[in-house]
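What follows is each chain in one-letter form.
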Amino acid sequence: MLTFSFARIRAGQEDRLRDWLAELATRQDEARQSLAQEGTRHEQLYVLPGAEGAVLVYVMEAEDVQRAYSAYGASQLPIDLEHQAVLAQVLEAPLVIAPLYECSA
């Protein structure tokens, strides 16, 4: 299943988020270990500019999204603990955005 989540980035925190995402790109082995633990096949993160501030868009493909979120939340992997701390620092509350159209085969 493919899922998206959105959160506004706190004012003045976009550079911190971008730095962290660049660091994640250098730690692919750890990131893959985390994905395997979650049952996640693929993830991507985007920063979208906006009139009210930038928004982080998180895209995840997982067999069981709830299981993936639970595994991430319970993870003791250093990369996950760091990721959780950075996101808590740089993000505001998630934005609730429902899809306008969906179709799958």
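**Q** Provide a residue-level description of helix H1 (residues 14–25), including the pertinent values.
**A** Since one α-helical turn is 3.6 residues long, residues separated by three or four positions face the same way. Over its twelve residues, H1 extends 17 Å from the first C-alpha to the last, a length consistent with the 16 Å expected when each residue adds 1.5 Å. On its buried side, H1 packs onto strand S1 (2–9), helix H2 (28–38), strand S2 (40–48), strand S3 (55–62) and helix H4 (78–90).

**Q** Please provide a residue-by-residue account of the confidence of the model for the protein, values included.
**A** In this model, the protein carries a mean pLDDT of 96, and residues with pLDDT of at least 70 account for 100%. Mean pLDDT values for the elements of the protein range from 95 in strand S4 (residues 91–95) up to 98 in H4.

**Q** Can you lay out the pattern of salt bridges for me, pointing to particular residues and giving the numbers?
**A** Pairing between side chains of opposite charge can happen when the charged atoms of each approach one another. All told, the structure shown has eight salt bridges when counted by the stated rule. Between Glu14 and Arg18 there is a salt bridge, with the nearest N and O atoms lying 2.8 Å from each other. Remark: Arg18 and Glu14 occur in helix H1; sequence separation between them is four residues, near one turn of the helix. Given the relative accessible area of 28%, Glu14 is considered partly exposed. Glu63 is the salt-bridge partner of Arg41, the closest N and O atoms lying 3.1 Å from each other. One end of the pair, Arg41, is in strand S2; the other, Glu63, is in the loop between S3 and helix H3 (65–74), and 22 residues separate them in sequence.

**Q** Explain the nonpolar core to me, and be specific about the residues and the numbers.
**A** Judged by nonpolar contacts, the single largest core of 17 residues is most densely connected at Ile9, Leu17, Leu56, Leu87 and Leu91. Elements supplying a minimum of two residues to this core: S1, H1 and H4. Those residues in contact with Leu87 that sit more than four places away from it in its chain are Leu17, Leu56 and Tyr72. By size, the runner-up hydrophobic cluster in this structure holds five residues, among which are Tyr58, Met60, Ala62 and Ala68.

**Q** Help me get a handle on the environment of Pro49, residues and values and all.
**A** On the secondary structure map, Pro49 appears in the loop between S2 and S3. Owing to a relative accessible area of 77%, Pro49 belongs among the exposed residues under this scheme. With 40 residues separating them in the primary sequence, Pro49 and Ile9 have C-alpha atoms 9.8 Å apart.

Conventions we followed
- Along each chain, residues carry numbers from 1 onward, in the same order as the chain's sequence is written.
- In keeping with the predicted nature of the model, local features appear solely for residues at pLDDT of at least 70, side-chain atom pairs appear and are counted solely at 80 or more, and the whole-chain, interface and lining totals rest on all residues.
- Only heavy atoms go into the side-chain values, all of them from the structure, while hydrogens and water stay out.
- Counting from the N terminus, the helices are the DSSP runs of H or I reaching at least four residues and the strands are the DSSP runs of E reaching at least two.
- Multiply 1.5 Å by the residue count of a helix minus one, and that product is the helix's expected span.
- Note on contacts: a residue pair is in contact if any heavy atoms of the two residues lie within 4.5 Å.
- Residue-level confidence of the predictor, termed pLDDT, takes values from 0 up to 100.
- Salt bridge, as used here: a side-chain nitrogen of Lys or Arg that lies within 4 Å of a carboxyl oxygen of Asp or Glu.
- Partly exposed residues are those whose accessible area sits between 20% and 50% of the maximum for their type, while under 20% is buried and over 50% is exposed, using a 1.4 Å probe and protein chains only.
- Remark: nonpolar core denotes a set of buried residues (Ala, Val, Leu, Ile, Met, Phe, Trp, Tyr, Cys) joined through side-chain atoms within 4.5 Å.

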